[in-house]
Amino acid sequence: MAFVDETSFYNRIVLSHLLPASLWEHLPHFLQTWLRNYLAGNLLYFISGFLWCFYIYYLKLNVYLPQDAIPTRKAMLLQIHVAVKAMPCYTLLPTVSEYMIESGWTRCYSSIGELSWFLYFVSIATYLVLVEFGIYWMHRELHDIKPLYKHLHATHHIYNKQNTLSPFAGLAFHPVDGILQAVPHVIALFIVPIHFTTHLGLLFMEAIWTANIHDCIHGNIWPVMGAGYHTIHHTTYKHNYGHYTIWMDWMFGSLKDPLLEDFVDETTFYNRIVLSHLLPANLWEPLPRFLQTWLRSYLTGNLFYFISAFLWCFYIYYLKRNVYIPEDSIPTRKAMIQQIHVAVKGMPWYTLFPTVSEYMIERGWTKCYSTLDQFNWFLCFAYIVLYLVIVEFGMYWVHKGLHDIKFLYKHLHATHHMYNKQNTLSPFAGFASHPLDGILQAAPHVIALFIVPVHLITHMSLLFLGGMWTTCIHDCIHGNIWPIMGAGYHTIHHTTYKHNYGQYTICMDWMFGTLEVPSVAEDNGLDQKANLWEPLPHFLQTWLRNYLAGNLLYFISGFLWCFYIYYLKLNVYIPKDSIPTRKAMILQIHVAMKAMPWYTLLPTVSEYMIERGLAFHPLDGILQAVPHVIALFIVPIHLITHLSLLFLEGIWTASIHDCIHGNIWPIMGAGYHTIHHTTYKHNYGHYTIWMDWMFGTLKVPLAEDDNEKAK
């Protein structure tokens, strides 16, 4: 009865606003429901289709699609004609599903309170998986079974070119075809408990979704089955049958990525370049492409290993004999030959890993991209940094696990740790590992591909540069370039077995407490620099560190941000006549430099109090940073987290003074802070607008100051 009341309520809401009561009130409940679905379906189809066409073909003309790729008015009217003829049949399906729900034949429920919120979301996820699976196979069979394709699905596939596909093609089906593809929504009702209104919402969202995937604009949001994938389906007829995601096509081998051909062409090109210079054509051209890729990786891996290690050994052991390493610490020829022997045995397995990663990239399973024009340069570099952070984090924990799990150490990692003294370590030891050990330590490079968009060449280069890096960190020469995990740190790892697990930097070891720094005695360069600060008291050392770090943060963040918004993005964020003069910026730098010794006194004092557990009344000049210190007495906080947040102030304050309103609610962006500088009585908050909103001092930029931009 609850379902009948609910559907009656929906009927009344929709029909009373669209038709006179005399036309629908006397109809049976089933016909009222069908009429409501029919009218709602038409409204959704026309509104979503018209608005989307207006946006991409008129407002954004030549932005998303070139003018010659826009479908003709005749093609769109034909699509509308087909859809309107079929609409009475399409909307019969949700009407029948509601009848079955009202009769209690399904597992639908009317109130979310009948399940917990957790189970509600789990049931939605399960429902969508079943729907995706059902639509995939229904769609695929409509292609594979020839009579079904000829008499039903071919109606939709007359639109098979970019300039014939439009959002209106989303519902331009034979009526039975449209019903068959929506049937999984109804079948799922008998399997999964689903909220009634949620089911109706998802069923009608189809109209909006189908409009979206026929607009020929590839959004490239993994794993969404966007229009780029669906356009391929309309042109090849045998790929990308999925509906919401690419998972079913990936699982059942029918996926074709819009960028896939770029990857295949690119890897084929690299195979040809390398192999044609190293081997006769008759040795590699008959091989399958996967084997060609592996052979290319194997040969280049060996070249990298031998050339980089040999040149490095020649330089430090012969040309610079007794300069970097005393003669009695140079590893013996026997030790180096043994390392080469182990590395050469493992090389076929090491190079299998990049080959598999390229295979996954070609299949579209990763977030790799092949052309730099998919992102701006800023995002490209940001993604590379994020990729390297993930790789560093992963390699640290894999390496630590290879030590902490005794079984793995005994059977895998011990092969590499045979070389545990300075006179047994050489650049050739970099690859002298058990094959599985080497693969495990390189795995984070591939895992990162599924998390971060990264350019194919960048990934391949970083993977092979890892080979050169491993030769470098086994030469026993401590470069002392902070925060790089140089050979000085790695030599300690080989002698203590429990420190310095990181690969490229010392950051992970520092964060997780496994860092051991090479002693001053081991590094004369460090000793020469140390005499400037080591005699100072601990408090002054801390202040000096904060002062130098504060200046670096201030200048680097300020300079990079100014370079980006005033030079690279000139006239994009701020018109040229609004850019502050050089004189104004130099004056700001002058004021900041004079105050920097005092600013950095506060974190020094806060560290002093943390070390001694003392309370201290802060100075007037640093009042705005005082809450960071007061919070230490109230909330338990990690020391490094506190210091990081305190120094991130430097970057944040640079950001909120650039006059660019990011408009990311509820962040107190530069738009709000610019108002503070002009009115003096609004927007006192720091990170968010919540306090100003609560205490009545909020003034929104878009409310008055940016009226024209808002329009």
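Residues numbered from 1 in each chain as written. Predicted model: local features only at pLDDT ≥ 70, side-chain atom pairs only at ≥ 80, totals over all residues. Heavy atoms only, no water.

Before going further, it helps to examine the overall build of the protein. Helix and strand content of the protein: 31 helices and 0 strands. Judged by the C-alpha coordinates and their principal axes, the protein covers about 100 × 80 × 55 Å. Burial statistics for the protein: of 711 residues in total, 44% are counted as buried. Taking the contacts inside the protein whose residues are at least 6 apart along the sequence as the reference set, 67% of them involve residues at least 24 apart. About 38,200 Å² of surface is accessible on the protein, with carbon and sulfur atoms providing 69% of the total. Counting 40 positive and 46 negative side-chain charges, the protein places the centres of these two groups 5 Å from one another. (Helix = DSSP H or I, 4+ residues; strand = E, 2+ residues; numbered from the N terminus. Buried < 20%, exposed > 50% of the residue type's maximum accessible area, 1.4 Å probe, protein only. Contact = heavy atoms within 4.5 Å. Areas by Shrake-Rupley, 256 points an atom, 1.4 Å probe, with all protein chains shown as cover. Lys, Arg positive; Asp, Glu negative; His and termini not counted. Charge placed at Lys NZ, Arg CZ, Asp CG, Glu CD.)

On to the packing of helix α6 (residues 117-144) against helix α8 (residues 175-187). The geometry of α6 relative to α8 is characterised by a closest axis approach of 7 Å and an angle of 150 degrees between their N-to-C directions. Between α6 and α8, the interaxial angle falls into the category roughly antiparallel. Where α6 crosses over α8, the two elements pack in a sense that is right-handed. In this structure, α6 uses Tyr 127, Val 131, Gly 134, Ile 135, Met 138, His 139 and Leu 142 to contact α8, whose residues at the interface are Asp 177, Leu 180, Gln 181, Pro 184 and His 185. Considering only residue class, the contact of α6 with α8 consists of 7 nonpolar, 4 polar and 1 charged. (Axes fitted to C-alpha atoms, helices over the stretch in contact; angles between N-to-C directions. Parallel < 35°, antiparallel > 145°, perpendicular 65-115°, else oblique. Left-handed = near helix turned anticlockwise from the far one by under 90°. Nonpolar A, V, L, I, M, F, W, Y, C, P; charged D, E, K, R; others polar.)

To continue, consider the pattern of salt bridges. Proximity of charged atoms lets side chains of opposite charge pair with each other. According to the stated counting rule, one finds 5 salt bridges in the structure shown. Residue Arg 36 is joined to Glu 98 by a salt bridge in which the shortest nitrogen-to-oxygen separation is 2.8 Å. In this pair, Arg 36 sits in helix α3 (residues 29-59) while Glu 98 sits in helix α5 (residues 92-102), placing the two residues 62 residues apart along the sequence. When sorted by exposure, Arg 36 lands in the same class as Glu 98, which is buried. Two residues, Arg 140 and Asp 144, come together in a salt bridge whose shortest N-O distance is 3.7 Å. Of the two residues, Arg 140 and Asp 144 both sit in helix α6, 4 residues apart, roughly one turn of that helix. (Salt bridge = Lys/Arg side-chain N within 4 Å of Asp/Glu carboxyl O.)

All right, on to the packing of helix α14 (residues 289-319) against helix α20 (residues 456-472) then. α20 packs onto α14 with a crossing angle of 35 degrees between their chain directions and a minimal axis gap of 9 Å. The two elements α14 and α20 cross, and the hand of that crossing is right-handed. Taken together, the residues of α20 that come into contact with α14 (itself represented by Arg 296, Ser 297, Thr 300, Gly 301, Phe 304, Ser 308, Ala 309 and Trp 312) are Met 460, Phe 464, Met 468, Thr 471 and Cys 472. For the contact of α14 with α20, the residue count by class is 7 nonpolar, 5 polar and 1 charged.

On to the nonpolar core. Ranked by size, the top nonpolar core spans 24 residues in total, and within it Ile 101, Cys 108, Tyr 127, Val 131, Leu 189, Ile 194 and Phe 196 carry the most contacts. Secondary-structure elements contributing two or more residues to this core are α1 (2-18), α5, α6, α8 and α9 (196-212). Sort the elements by how many residues they give to this core and α6 lands first, with 5 residues. (Core = buried A, V, L, I, M, F, W, Y, C linked by side-chain atoms within 4.5 Å.)

Here we take up the confidence of the model for the protein. Across the protein, the average pLDDT comes to 82, with 91% of residues at or above 70. For residues 520-529, every residue scores under 50 in pLDDT, and the model assigns this stretch 7 contacts once sequence neighbours within four places are set aside. Low pLDDT, under 50, characterises residues 614-621; the stretch is placed with 10 contacts to residues that sit more than four places away or in other chains. (pLDDT = per-residue confidence, 0-100.)

Within the element layout of this structure, Thr 604 appears in helix α26 (residues 601-612). According to the relative accessible area criterion, Thr 604 is buried, its value standing at 1%. Residues within four places of Thr 604 in sequence aside, it is in contact with Phe 539, Thr 542, Trp 543 and Asn 546.

The next point concerns a nonpolar patch on the surface. A cluster of nonpolar side chains, contributed by Phe 30, Leu 31, Leu 92, Val 96, Tyr 99, Trp 105, Ile 187, Phe 190 and Ile 191, occupies part of the molecular surface with about 810 Å² of accessible area. Only α3 and α5 provide two or more residues apiece to the nonpolar patch. At 3 residues, α5 tops the list of elements feeding residues into the nonpolar patch. Topologically, Ile 191 is positioned in the loop between α8 and α9. (Patch = residues over 30% accessible without salt bridge, like charges linked within 9 Å, V, L, I, M, F, W, Y side chains within 5 Å.)

The next subject is the environment of His 474. Structurally, His 474 is set in the loop between α20 and α21 (487-496). Owing to a relative accessible area of 3%, His 474 belongs among the buried residues under this scheme. Separated by 430 residues in sequence, His 474 and Leu 44 have C-alpha atoms that sit 65 Å apart. Excluding residues that lie within four positions of it along the chain, His 474 makes contacts with His 416, Leu 425, Ser 426, Pro 427, Ala 429, Gly 430, His 490 and His 494. Within polar-contact distance, the side chain of His 474 engages the side chain of His 416 at 3.1 Å. Within the local environment of His 474, its side chain forms a polar contact with the side chain of His 490, the two groups lying 3.2 Å apart. (Polar contact = N/O pair within 3.5 Å; in protein donor to acceptor, adjacent residues only side chain to side chain.)

Moving on, we get to α20. Taking 1.5 Å of rise per residue, 17 residues should cover 24 Å, and α20 covers 25 Å from first to last C-alpha, within 8% of that figure. Among the 17 residues that make up α20, 12 are buried, leaving the element largely enclosed by the rest of the structure. For α20, the complete set of buried residues consists of Leu 456, Thr 458, His 459, Met 460, Leu 462, Leu 463, Phe 464, Gly 466, Gly 467, Trp 469, Thr 470 and Thr 471. (Expected span 1.5 Å × (residues − 1).)

What follows deals with the environment of Ile 340. Topologically, Ile 340 is positioned in helix α15 (residues 333-350). Expressed as a C-alpha distance, the spacing of Ile 340 and Met 593, which sit 253 residues apart in the sequence, is 54 Å. Those residues in contact with Ile 340, other than ones at most four positions away along the chain, are Tyr 305, Phe 306 and Phe 428.

When the UniProt feature table is mapped onto this chain, "transmembrane region" (unreviewed entry) is found at residues 38-58, 117-138, 298-318, 375-398, 446-465, 552-572 and 622-648. Between the C-alpha atoms that bound residues 117-138 there is a distance of 31 Å. The span itself is 100% helix and 0% strand. Along residues 552-572 the backbone is 81% helical and 0% strand, and the end-to-end C-alpha distance reaches 28 Å. (UniProt positions renumbered as here; feature names shortened; annotations may be inferred.)

For the rest of this paragraph, the subject is the side chain of Thr 91. By the secondary structure assignment, Thr 91 is in the loop between α4 (73-90) and α5. Non-local contacts of Thr 91, meaning those with residues more than four positions away in its chain, are made with Trp 34, Asn 37 and Tyr 38.

Further remarks concern unusual backbone geometry. Its identity is not glycine, yet Tyr 497 carries a phi of approximately 70 degrees, on the positive side. Relative to the assigned elements, Tyr 497 resides in the loop between α21 and α22 (507-512). Since its relative accessible area comes to 29%, Tyr 497 is described here as partly exposed. Positive phi, close to 70 degrees, is recorded for Tyr 680, a residue that is not glycine. Tracing the backbone shows Tyr 680 in the loop between α29 (670-679) and α30 (690-695).

Applying the stated criterion across every chain, the model contains 36 aromatic pairs. Both rings, one in Phe 9 and one in Tyr 10, keep their centres 5.9 Å apart while their planes meet at 55 degrees; by these two values the pair is tilted. Under the relative-accessibility criterion, Phe 9 is labelled partly exposed at 41%. On the basis of relative accessibility, which here comes to 19%, the residue Tyr 10 falls in the buried class. With 5.8 Å between their ring centres and 45 degrees between their planes, Trp 209 and Tyr 244 make a pair best called tilted. You can see Trp 209 sitting in helix α9 and its partner Tyr 244 sitting in the loop between α10 (227-236) and α11 (247-252), a full 35 residues away along the chain. (Phe/Tyr/Trp six-rings, centres within 6.5 Å; stacked < 30°, edge-to-face > 60°.)

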